[in-house]
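The primary structure of each chain is shown beneath.
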Amino acid sequence: MSLFLSVIRQLAAIEAMATSKKVITREEWEKKLSDVKIQKEDMNKLVMNFLVTEGYVDAAEKFRMESGTEHIDLATITDRMAVKKAVQSGNVEDAIEKVNDLNPEILDTNPQLFFHLQQQRLIELIRNGKVEEALEFAQEELAPRGEENQSFLEELERTVALLAFEDVKNSPVGDLLDISQRLKTASEVNAAILTSQSHEKDPKLPSLLRMLLWAQNQLDEKAAYPRITDLFTATLEDPSV
């Protein structure tokens, strides 16, 4: 993507100029920034990529109309978000049905994802106090998969261990009942659906911001310059001299 190349080339040029640590004034820095030519179309694609990947349907449609960015299939975003929401709310069976409605091959070709969804079903049964049903489900649905895969077996044993503690939240496996576990599983499903639809599983914008922070850290060793300290406002902070 030309946006990434432009940033990298400009930073490389600046680093090449700095054989020893020097001070770059705001005026000099803003001149260098103005020399970086970024196409508006690339910026629009970057924003749209974030909105689509994260599932902001209304925002994506509004932005498409305002920016003239290429058409997107909003129905696929809506369906994907319905799956993600089902997992986040603990309705794993519903989520599995929705995934199969979208594309049965997603779970057929991804045994790890299917196991994690089934594991989440087991966690929800334990959360709701359905001990007998949980044990039966673990034995019939998850144990056979654990016999074929050592990592699955270890995850299953850790999940079943929830039943061994009276104070589960303060137990060594209490994190499985935390909302973060649901979010982790939901993110895994979301990424798999995106991949099946030939989309990137992660938005590009966060990666670009991480690249910016890394580049600034590298440049800090060679120069004092107006750097961005607040990513929300992108305000330049004058160098301390």
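Rules used in this analysis
Residues numbered from 1 in each chain as written. Predicted model: local features only at pLDDT ≥ 70, side-chain atom pairs only at ≥ 80, totals over all residues. Heavy atoms only, no water. Core = buried A, V, L, I, M, F, W, Y, C linked by side-chain atoms within 4.5 Å. Buried < 20%, exposed > 50% of the residue type's maximum accessible area, 1.4 Å probe, protein only. Helix = DSSP H or I, 4+ residues; strand = E, 2+ residues; numbered from the N terminus. Contact = heavy atoms within 4.5 Å. pLDDT = per-residue confidence, 0-100. Polar contact = N/O pair within 3.5 Å; in protein donor to acceptor, adjacent residues only side chain to side chain. Phe/Tyr/Trp six-rings, centres within 6.5 Å; stacked < 30°, edge-to-face > 60°. Patch = residues over 30% accessible without salt bridge, like charges linked within 9 Å, V, L, I, M, F, W, Y side chains within 5 Å. Areas by Shrake-Rupley, 256 points an atom, 1.4 Å probe, with all protein chains shown as cover. Salt bridge = Lys/Arg side-chain N within 4 Å of Asp/Glu carboxyl O. Lys, Arg positive; Asp, Glu negative; His and termini not counted. Charge placed at Lys NZ, Arg CZ, Asp CG, Glu CD. Arc of directions from axis to C-beta.

Peer 1: What should I look at first to understand the nonpolar core in this one?
Peer 2: Generally speaking, a soluble globular protein has its nonpolar side chains buried in company with each other. In terms of nonpolar packing, the biggest core is built from 16 residues, with Val99, Leu107, Leu113, Leu117 and Val189 touching the most fellow members. Of all elements in the fold, only α5 (74-88), α6 (92-102), α7 (105-108), α8 (111-127) and α11 (179-196) reach the threshold of two or more residues within this core. Not counting the four nearest positions on each side in its chain, Val189 is found in contact with Val83, Val99, Leu113 and Leu117.

Peer 1: Mind showing me how you'd approach the confidence of the model for the protein chain here?
Peer 2: Reading predicted coordinates in detail is not appropriate for stretches of low pLDDT. Summarising the model, the protein chain shows a mean pLDDT of 88, and 91% of its residues fall at 70 or more. When mean pLDDT is compared element by element in the protein chain, α8 scores highest at 97, while helix α1 (residues 2-17) scores lowest at 64.

Peer 1: What should I look at first to understand the environment of Asn170 in this one?
Peer 2: Mapping Asn170 onto the fold places it in the loop between α10 (150-160) and α11. Spatially, the C-alpha atom of Asn170 lies 53 Å from that of Val36, the residues being 134 residues apart in sequence. Among the polar contacts made by the side chain of Asn170, one reaches the side chain of Asp167 at a distance of 2.6 Å.

Peer 1: For this particular structure, what's the right way to read the packing of aromatic side chains?
Peer 2: The description of an aromatic ring pair uses the distance of the two centres, along with the angle that the planes make with each other. According to the stated counting rule, one finds three aromatic pairs in the structure shown. Judged by centre distance (4.9 Å) and plane angle (35°), the rings of Trp29 and Tyr225 are tilted. Placement of the pair is Trp29 in helix α2 (residues 26-34) and Tyr225 in the loop between β2 (223-224) and β3 (227-230), with a sequence separation of 196 residues. A residue is classified by how much of its surface remains accessible, and Trp29, at 7% relative accessible area, is buried.

Peer 1: Honestly, a negative patch on the surface in this entry has me stumped. Any pointers?
Peer 2: Together, Glu132, Glu133, Glu136, Glu140 and Glu141 make up a negatively charged patch on the protein surface. Checked against the element boundaries, Glu141 lands in helix α9 (residues 131-148). Exposure remark for Glu141: the relative accessible area of 33% places this residue in the partly exposed category.

Peer 1: Just checking my understanding: could you explain α10 for this structure?
Peer 2: For an α-helix, the turn length of 3.6 residues means that residues three or four places apart are oriented alike. Those residues of α10 lying buried are Phe152, Leu156 and Thr159. One side of α10 holds all its buried residues, which, seen down the axis, span an arc of 65°. Contact partners of the buried residues in α10: α8 and α9.

Peer 1: I keep staring at the pattern of salt bridges and nothing clicks. Help me out?
Peer 2: Two side chains of opposite charge can pair, provided their charged atoms sit close to one another. A full pass over the atoms with the stated rule returns twelve salt bridges. Here Glu124 ties to Arg182 by a salt bridge, and the two come within 2.9 Å at their closest N and O atoms. Here Glu124, found in helix α8, pairs with Arg182, found in helix α11; they are 58 residues apart in sequence, far enough to count as distant. In this pair, the class of Glu124 matches that of Arg182, namely buried. Where Asp220 meets Arg227, a salt bridge forms, and the shortest distance between an N and an O atom there is 2.8 Å. The network of salt bridges with common partners includes Arg26, Glu30 and Asp238.

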